[in-house]
Amino acid sequence: MQRWDIFCRIVDNHGDIGVCWRLGRQLAHEHGLAMRLWVDDLIEAKQLITALDTSQQTQKIDGVEICHWREPFPKVKVANTVIEAFACDLPASYLAAMTKTKPVWINLEYLSAEQWAAESHLLASPHPTLALTKNFFFPGLTAQNGGLIREHGLIEKRDAFQSDTQAQTAFWKKLGVSGNSSLKISLFCYPYAPLSGLLQAISSGTRHTIIYVPDSSALVAIGDQLGIGQLMIGDNISQGNLTLQVLPFLTQDDYDHLLWACDINFVRGEDSWVRALWAAKPFVWQPYLQQQGAHLIKLKAFLDIYGADLSTGVAEALQHTHGNWSSGQFGETDWQVLLDHLPTLQTHAIEQSKTLVLLPDLAVKLVIFCENFSK
């Protein structure tokens, strides 16, 4: 059996571990690989992997062996394939051991729709001092990239849930919140998002809207904007036509269901962004803030692909709304534009999901690359 190692450092609200945990499980379940996931912070990882025992250095959960990445790094057998997630830098002792066995070494990069990412996909990078070569793997939304994480049967599960009102009612009941006929929004954002503009626009608007906020680093900022201080899990706040309900930290499956059940999803980073694409619902994406506005370039590159089939007016509205949310300028006009185009954006989200599902997923493309590399 082929053994694969994934190395992950947890940075900023579990986005890195979210990707690695999804990928590790899929590679184990669907491709029969012996997966080992090295994580540097078990306490943080436990929020996402609830069965994790933080007192154990090694344990197997859901088909994946989870190991504590610590120093000094233990002496272990090098895997056949080694994935260095998001340039996290491998342990020196493990890297030295790789020179003897020459595994397939992959640097799994962040998702980007920019052209340079497609051009850099699968490029080889020789190590400056060791007889090893790293291969860059860029996830993406076109055939020229490495695909997106998409578990087998995900789309069928989504469709079944979205057509089953009883399943949706049971989901809201499980979370202990109401899921009535109001406009429903999920909000997962960075603390520096223009929250005041969004919350004020909804509060003073004409359509009653419920915002569901899973526990995250943005709770303090949201509470400040509402003028009520620290938000707590279970809080239910109403201001004008806005109702805000604070949810606990959600498992990956529950977060998928939240995205599937809402009418608009505000997402951030990478993991929630990809899951919003598969939810087939309108969404607003906030990329991670970068110097010199690089995140806005990344945003535009995505929207150029995602909105290519839209009419000029709707495409421009999409660019404007996303751009203002990611540049701190979101306000009442942006919210109204989003509402005005909601039916069109809903149809478009479904069509985009149908288009993306025709491409091989990330796990498949990784396995094919490694099989070809070893021939």
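Going by the structure above, here's the rest.
A short tour of the structure in this document, coming up. For clarity, every value in this text was computed on a predicted model and none was experimentally measured.

On to the overall build of the chain, then. When helices and strands are counted, the chain shows 15 helices and 14 strands. Relative to its length of 375 residues, the chain is compact, with a C-alpha radius of gyration of 21 Å against a globular reference of 21 Å. If you line up the chain on its principal axes, its C-alpha atoms span 65 × 45 × 40 Å. The buried share among the 375 residues of the chain stands at 55%. Considering only contacts in the chain between residues 6 or more positions apart, those separated by 24 or more positions represent 69%. Here the chain carries 28 positive and 38 negative side-chain charges, and the mean point of each set is 8 Å from the other.

With respect to the element layout, Pro 248 can be found in the loop between β12 (242-247) and α9 (252-261). With a relative accessible area of 30%, Pro 248 lands in the partly exposed category. In this structure the C-alpha to C-alpha distance between Pro 248 and Asp 215, which are 33 residues apart in sequence, comes to 5.1 Å. The contact partners of Pro 248, leaving out residues within four places of it in the chain, are Pro 214, Asp 215 and Ile 233.

Running from amino to carboxyl end, helix α13 (residues 332-340) crosses helix α14 (residues 342-356) at an angle of 60°, the nearest separation of the two axes being 5 Å. In this structure, α13 contributes Leu 338, Leu 339 and Asp 340 to the contact, and α14 contributes Leu 342, Pro 343 and Leu 345.

On to the pairing of strand β6 (residues 104-108), then. For β6, a buried count of 5 out of 5 residues is recorded, marking the element as mostly surrounded by other parts of the structure. Of the two faces of β6, the one lined by Val 104, Ile 106 and Leu 108 and the one lined by Trp 105 and Asn 107 are each fully buried. One ladder, built from 5 bridges, connects strand β5 (residues 81-85) with β6; its direction is parallel. Along β6, the bridge assignment pairs Ala 85 with Leu 108.

Overall, the coordinates contain 26 aromatic pairs when judged by the stated rule. Ring plane angle 80° and centroid distance 5.3 Å describe the contact between Phe 7 and Trp 69, whose orientation is recorded as edge-to-face. Here the residue Phe 7 occupies a position in strand β1 (residues 3-8), and Trp 69 occupies one in the loop between β4 (64-68) and β5, the gap between them amounting to 62 residues. Each of the two residues, Phe 7 as well as Trp 69, counts as buried. Ring geometry for Trp 285 versus Phe 302: centroids 5.7 Å apart, planes at 85°, classification edge-to-face. Of this pair, Trp 285 sits in strand β14 (residues 283-286) while Phe 302 is found in helix α11 (residues 294-306), placing the two residues 17 residues apart along the sequence.

On to the nonpolar core, then. By size, the foremost hydrophobic cluster in this structure holds 74 residues, and its most contacted members are Leu 187, Ile 222, Leu 244, Phe 302, Trp 325 and Trp 335. At 6 residues, helix α10 (residues 271-279) tops the list of elements feeding residues into this core. Once residues lying within four places of it in the same chain are set aside, the contact partners of Leu 187 are Leu 195, Leu 198, Ile 211, Tyr 212, Val 213, Pro 214, Ile 222, Phe 266 and Trp 325. Core analysis: the next-biggest nonpolar cluster, separate from the first, contains 37 residues, Leu 42, Ile 49, Ala 85 and Leu 108 among them.

Quick notes on the rules
Residues numbered from 1 in each chain as written. Predicted model: local features only at pLDDT ≥ 70, side-chain atom pairs only at ≥ 80, totals over all residues. Heavy atoms only, no water. Helix = DSSP H or I, 4+ residues; strand = E, 2+ residues; numbered from the N terminus. Rg over C-alpha atoms; globule rule 2.2 N^0.38 Å. Buried < 20%, exposed > 50% of the residue type's maximum accessible area, 1.4 Å probe, protein only. Contact = heavy atoms within 4.5 Å. Lys, Arg positive; Asp, Glu negative; His and termini not counted. Charge placed at Lys NZ, Arg CZ, Asp CG, Glu CD. Axes fitted to C-alpha atoms, helices over the stretch in contact; angles between N-to-C directions. Pairing = 2+ DSSP bridges. Phe/Tyr/Trp six-rings, centres within 6.5 Å; stacked < 30°, edge-to-face > 60°. Core = buried A, V, L, I, M, F, W, Y, C linked by side-chain atoms within 4.5 Å.

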